[in-house]
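Observations on the three-dimensional arrangement
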Amino acid sequence: MDINCFALRNADGFTVVDVGAGPSWGPTFGQARTAMREAGIALEEVQRILRTHIHDDHVLGLFDEGTPYFPHAEVLVPEKDLAFFTDPGAWHATPEARRGGFDMAEQLQKIYGPRVRRIPEGPVLAGIEARPLPVHTPGHTGYLVRGEKTAIS
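Description of the structure in this document. Being a predicted model, the structure only gives us computed values, none of them experimental.

With four of five residues buried, strand 3 (residues 46-50) is to be regarded as a mostly interior element. Relative to strand 6 (residues 74-78), strand 3 runs parallel, the two sharing three bridges. Paired with Ile49 across the bridge in strand 6 is Val75.

Another point: the packing of aromatic side chains. Applying the stated criterion across every chain yields a total of four aromatic pairs. Seen from their ring centres, Phe84 and Phe85 are 5.0 Å apart, and the 80 degrees between their planes marks the pair as edge-to-face. Take Phe85: its relative accessible area is 6%, and that puts it in the buried class. Site record: aromatic cluster; members linked through ring pairs are Phe84, Phe85 and Phe102. Above the face of the Trp91 ring, Arg99 is positioned so that its terminal group lies 3.7 Å from the ring centre.

The next thing to look at is the sheet that holds strand 10 (residues 141-145). If you trace the three strands from one edge of the open sheet to the other, you get 8-9-10, paired in antiparallel fashion. Here the strands that pair on one side only, and so sit at the sheet edges, are strand 8 (122-125) and strand 10. If you compare each strand with its neighbour and ignore which way they point, the axes differ by 40 degrees on average. Of the pairings in the sheet, the one linking strand 9 (residues 128-132) to strand 10 comprises five bridges and is antiparallel in character. Counterpart to Glu129 in the pairing with strand 10 is Leu144.

Applying the stated rule across the entire model yields six salt bridges. In this structure, Asp18 engages Arg51 in a salt bridge whose closest nitrogen and oxygen atoms are separated by 3.0 Å. A residue pair is termed long-range when its members are at least 10 positions apart, and Asp18 in the loop between strand 2 (13-17) and helix 1 (31-38) and Arg51 in the loop between strand 3 and helix 2 (56-59) qualify at 33 residues. Looking at Asp18, the relative accessible area reads 2%, which means it is buried. In this structure, Glu121 and Lys80 form a salt bridge, with 3.0 Å as the shortest nitrogen-oxygen distance. Placement of Glu121 in the loop between strand 7 (116-119) and strand 8 and of Lys80 in helix 3 (residues 79-85) is noted, with a sequence separation of 41 residues between them. On the accessibility criterion, Lys80 (48% relative accessible area) is partly exposed. Counted as one network, the salt bridges with shared partners bring together Glu129, Arg131 and Arg146.

Rules used in this analysis
Residues numbered from 1 in each chain as written. Predicted model: local features only at pLDDT ≥ 70, side-chain atom pairs only at ≥ 80, totals over all residues. Heavy atoms only, no water. Buried < 20%, exposed > 50% of the residue type's maximum accessible area, 1.4 Å probe, protein only. Helix = DSSP H or I, 4+ residues; strand = E, 2+ residues; numbered from the N terminus. Pairing = 2+ DSSP bridges. Phe/Tyr/Trp six-rings, centres within 6.5 Å; stacked < 30°, edge-to-face > 60°. Lys NZ or Arg CZ within 6 Å of the ring centre and 35° of its normal. Axes fitted to C-alpha atoms, helices over the stretch in contact; angles between N-to-C directions. Salt bridge = Lys/Arg side-chain N within 4 Å of Asp/Glu carboxyl O.

Given below as structure tokens:
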């Protein structure tokens, strides 16, 4: 199964869209880390990480044994997804087998703390707009990238 991640570069560093599962799902996953190294992207250069949604196959790559894998990055999370996955009522209403997003939201906030920023629909960064795609999760989001100043790496 492929989990796609994207790196966008501008003058102040890299913005990464999703980061995959890291090594948590075994050796056939977590290739985003290798791909970033091979592309010459240093962890310290990653300034922002845009989340499409809060599921472990898109979030676990943020963690390195209980610490932030990206030492300086701010993590931008769709506010509707974070609101849902931190709501105790939603947790109780969700079947136990589908509660992984709640655990991911808790870990994300614990490990990245104040570097987690909720983002609304609409413009979130210069040339990047958050677009709601609420089918997979309540706050699932896509990003529309526009403009000459944003280069895709």
